Amino acid sequence: MREGSRPVRLIWLATVSMFMIVSQSIMAQAQSAPSSFSSLAERVSPSVVNITTSTMVAGRTGPQGIVPEGSPFEDFFREFQNPNPGPEGDRPRRSSALGSGFVVSEDGYIVTNNHVIEGADEITIEFFSGKELDAELVGTDPNTDIALLKVEADEPLPFVKFGNSDDSKVGDWVMAMGNPLGQGFSVSAGIVSARNRALSGTYDDYIQTDAAINRGNSGGPLFNMNGDVIGVNTAILSPNGGSIGIGFSMASNVVTKVVDQLKQYGETRRGWLGVRIQDVTPDMAEALGLESAEGAMVSDVPDGPAMDAGMKSGDVIVSFDGKPVTDTRQLVRIVGNTEVGKSVRVVVNRNGNTETLLVTLGRREETAQTVPASQEQATPEAPETRDLMGLTLSPLTAELRAELGLADTAKGLAVTDVDPAAEAYEKGLRAGDVITEAGQAEVLSIEDLEDKVTEAKDAGRKSLLLLVRRGGDPRFVALSIEDN
């Protein structure tokens, strides 16, 4: 009995020790929740500012956008918008708007949103002490909705530092401060609700928070518990214009790069690869024989850095400058954050093989991005048509090129009709589209396409990758070949 009891005692002691470790861990996590935000608010308040902008607008704007012209309510809304009729009401008047911002250097640089100061004739900064200074605009970046201002002060200004937004985790405590609805220097607190949110911009990387953010909070800081700025409050999602706990702050790791460039150049200078890309879908990955639907498919390579480096349509970019590429959104952000003129290694998957290209990046802002307007779709009569994969196809003729607005040198198969019940219709193919490649090879005739279908079947593929152009805009589409 004495010998048998010893292992039991050891197991019991180990269990108690494990319980104590777990309990201490839980207590530590509970203690990390702040009992008060007062010390943090007191520390950062002197660096947060209210922003008032002034803009000269026309005196009489009329009821446009509220009621249609000729409406019986037209006179009423004209009086509502312009309560001072006559010569006085027709004169230009000054309109004011409110926003928030924060000081990022002792010499007076201030960060806010572009939409806060856009079009402003005068910008006034109010500090926590009550002091007011006029600000000059240093530069703006509409792509990230960031603006940099500068004030001249008699003494060094209190400022806050940017933190690493990538260190923020869902569930972390955060604090917002700003000028909501004109109630200056208001504080609200919450948690990080989500990360890496995208709204509508190319370079979007928003932190979602449930800290109360309202109109006037735009441009204000989102702090972590160390007092570092991890986001710039930019937008809310709301059915009524007020906070419902869904706010968005542009991540500091995006903002810092923009601010540095605005401070140095007065404008942004983003890297430019020079390709048109699209996400790799699972059926596209299957058609290409890829292990996973990751990377960025190159749909077109116009004149630019990528073409100079030998990149081709149909390449799948899987790595850029040593960073793995998961999708197009990530690639655009990585390229944009890379310095202009840098030579980077880009790894692509081409016809099942991996190749590394050395690309010297250009500058995106210097590139005129013109996308041809989609041509009016038509169903031209052609001497030869054939149905395949739910598509009615015809080789391009001079007449078809003219009807579709294509160059005389355009090659491929014209889509003259699409079966509404077919997969091709669900994936957006329409009459007037032109198929230029199948299985990453040029197709000049219907026989070429049929050969590619047969080749894919023989290789055990379930789908075939097509390069489709519409109004000069290319994209890849994978269509099932099992029923053809």
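Computed from a predicted structure; not experimentally measured. (Residues numbered from 1 in each chain as written. Predicted model: local features only at pLDDT ≥ 70, side-chain atom pairs only at ≥ 80, totals over all residues. Heavy atoms only, no water.)

J.: Lay out the side chain of Lys452 in plain terms, naming residues and giving numbers.
T.: Along the chain, the position of Lys452 falls in helix H12 (residues 446–458). Residues within four places of Lys452 in sequence aside, it is in contact with Ala438, Gly439, Ala441 and Leu464. (Helix = DSSP H or I, 4+ residues; strand = E, 2+ residues; numbered from the N terminus. Contact = heavy atoms within 4.5 Å.)

J.: I'd like to hear about the sheet that holds strand E13 (residues 247–251), residue by residue, with values.
T.: Strand order in the closed barrel formed by six strands is E8-E9-E10-E13-E12-E11, and the pairing between neighbours is antiparallel. This sheet shows a mean twist of 45° between the axes of neighbouring strands, independent of strand direction. Pairing of strand E9 (residues 186–197) with strand E10 (residues 206–209), which is carried by three bridges, proceeds in the antiparallel orientation. Paired with Arg197 across the bridge in E10 is Tyr206. The sheet contacts of helix H6 (residues 252–265) involve strand E12 (229–236) and E13, and relative to E13 the element is tilted by about 50°. (Pairing = 2+ DSSP bridges. Axes fitted to C-alpha atoms, helices over the stretch in contact; angles between N-to-C directions.)

J.: Explain the pattern of salt bridges to me, using residue names and the numbers behind them.
T.: Tallying each qualifying case throughout the model produces 20 salt bridges. The partner of Arg350 in a salt bridge is Asp315, with the nearest N and O atoms 2.7 Å apart. On the criterion of sequence distance, the pair formed by Arg350 in strand E19 (residues 343–350) and Asp315 in the loop between helix H8 (305–308) and strand E17 (316–320) is long-range, its members being 35 residues apart. Given a relative accessible area of 2%, Asp315 falls into the buried group. One salt bridge in this structure joins Lys452 and Glu455, with 3.5 Å as the shortest N-O distance. Here Glu455 and Lys452 lie together in helix H12, a separation of three residues that amounts to about one turn. A relative accessible area of 18% places Lys452 in the buried class. Shared partners join several salt bridges into a network, and the residues in it are Asp141, Glu267, Arg269, Arg270, Arg363, Glu365 and Glu366. (Salt bridge = Lys/Arg side-chain N within 4 Å of Asp/Glu carboxyl O. Buried < 20%, exposed > 50% of the residue type's maximum accessible area, 1.4 Å probe, protein only.)

J.: Any chance you could break down the packing of aromatic side chains for me, citing the residues and the numbers?
T.: Applying the stated rule across the entire model yields four aromatic pairs. When the centroid spacing of 6.2 Å and the interplanar angle of 75° are considered together, the rings of Tyr206 and Phe248 count as edge-to-face. Of this pair, Tyr206 sits in strand E10 while Phe248 sits in strand E13, and the two are 42 residues apart along the sequence. With respect to burial, Tyr206 and Phe248 carry one shared label: buried. When the ring centre of Tyr109 is taken as origin, the NZ or CZ atom of Lys150, which lies over that ring, is 5.4 Å away. Over the aromatic face of Tyr109 sits the side chain of Lys263, whose NZ or CZ is 4.7 Å from the ring centroid. (Phe/Tyr/Trp six-rings, centres within 6.5 Å; stacked < 30°, edge-to-face > 60°. Lys NZ or Arg CZ within 6 Å of the ring centre and 35° of its normal.)

J.: Tell me what's going on with H6, and back it up with residues and numbers.
T.: With 14 residues, H6 extends 19 Å from end C-alpha to end C-alpha; this agrees with the ideal 20 Å at 1.5 Å per step. Buried residues of H6: Ser252, Asn253, Val254, Val255, Val258, Val259, Gln261 and Leu262, and no others. At its buried positions, H6 is contacted by strand E3 (109–113), strand E6 (136–141), strand E7 (146–150), E12 and E13. Note on H6: the residue one or two positions beyond its end, Gly266, has a positive phi of about 80°. (Expected span 1.5 Å × (residues − 1).)

J.: Which residues make up the nonpolar core, and what values go with them?
T.: In terms of nonpolar packing, the biggest core is built from 26 residues, with Val44, Phe102, Val111, Ile146, Met175, Phe223 and Val255 touching the most fellow members. Among the elements that line this core, the one with the most residues is H6, at five residues. Counting 22 residues, the second largest nonpolar core, distinct from the first, contains Met389, Leu413, Ile446 and Ile481. (Core = buried A, V, L, I, M, F, W, Y, C linked by side-chain atoms within 4.5 Å.)

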